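Given next are the chains, with one letter for each unit.
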Amino acid sequence: MEEVVKAVSNSEVFLVFAEHQWVAIGSETGRLRFFNPSATDSPNGTIVSGDELPERRVEDEGEESASLETLSAWMAQGRMRALRLV
């Protein structure tokens, strides 16, 4: 996960996915922010969770964020991967 955060900080974009595809667009303290094309239309700050995807928070339109701790756990379990877009 550290590599993902570092690459996002260096303006290298990673594609993070479980069943869905997310494009990482930034990081903030303890969270990774991403564009989710299937994002909910819930108000900003709403916490969204489900069996197929990790818990995440609704940010701006089409954007969400998830804690690095949660994403790291999902990656360790093999339920999510990160790929560098070239």
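Presented here is an overview of the structure given in this document. (Residues numbered from 1 in each chain as written. Predicted model: local features only at pLDDT ≥ 70, side-chain atom pairs only at ≥ 80, totals over all residues. Heavy atoms only, no water.)

**Remarks on the sheet that holds strand 4 (residues 47–48)**
Read across the open sheet, the seven strands follow the order 4-5-6-3-2-1-7; overall the sheet is antiparallel. The sheet is open, and its two borders are formed by strand 4 and strand 7 (81–84), each paired with just one other strand. The sheet contact formed by strand 4 and strand 5 (residues 56–58) spans two bridges and is antiparallel. Looking at the pairing, Ile47 lines up with Arg57 of strand 5. Helix-sheet contacts for helix 1 (residues 2–9) involve strand 1 (14–17), strand 2 (21–28), strand 3 (31–35) and strand 7, and the interaxial angle to strand 2 is about 75°. Across the sheet, helix 2 (residues 68–76) is in contact with strand 2, strand 3, strand 6 (63–67) and strand 7; its angle to strand 6 comes to roughly 75°. (Pairing = 2+ DSSP bridges. Helix = DSSP H or I, 4+ residues; strand = E, 2+ residues; numbered from the N terminus. Contact = heavy atoms within 4.5 Å. Axes fitted to C-alpha atoms, helices over the stretch in contact; angles between N-to-C directions.)

**A closer look at the side chain of Ser65**
Note that Ser65 resides in strand 6. Since its relative accessible area comes to 0%, Ser65 is described here as buried. Within the local environment of Ser65, its side chain forms a polar contact with the side chain of Arg31, the two groups lying 2.9 Å apart. Side chain to side chain, Ser65 and Glu59 meet in a polar contact 2.6 Å long. In contact with Ser65, other than residues within four places in its own chain, are Arg31, Leu32, Arg33, Phe34, Arg56, Arg57 and Glu59. (Buried < 20%, exposed > 50% of the residue type's maximum accessible area, 1.4 Å probe, protein only. Polar contact = N/O pair within 3.5 Å; in protein donor to acceptor, adjacent residues only side chain to side chain.)

**Some remarks on the packing of aromatic side chains**
Applying the stated criterion to the full structure yields one aromatic pair. Aromatic side chains Trp22 and Phe34 sit 4.2 Å apart centroid to centroid with 5° between the ring planes, which places their arrangement in the stacked category. Of the two residues, Trp22 sits in strand 2 while Phe34 sits in strand 3, which places them twelve residues apart along the sequence. One exposure class covers both Trp22 and Phe34, and it is buried. (Phe/Tyr/Trp six-rings, centres within 6.5 Å; stacked < 30°, edge-to-face > 60°.)

**A few points about the nonpolar core**
Ranked by size, the top nonpolar core spans 16 residues in total, and within it Val16, Trp22, Leu32, Leu71 and Met80 carry the most contacts. Elements with a minimum of two residues in this core: helix 1, strand 1, strand 2, strand 3 and helix 2. Among the elements that make up this core, the one with the highest residue count is helix 1 (four residues). The residues contacting Val16, other than those within four sequence positions of it, are Gln21, Trp22, Ala24, Leu32, Met80, Arg81 and Ala82. (Core = buried A, V, L, I, M, F, W, Y, C linked by side-chain atoms within 4.5 Å.)

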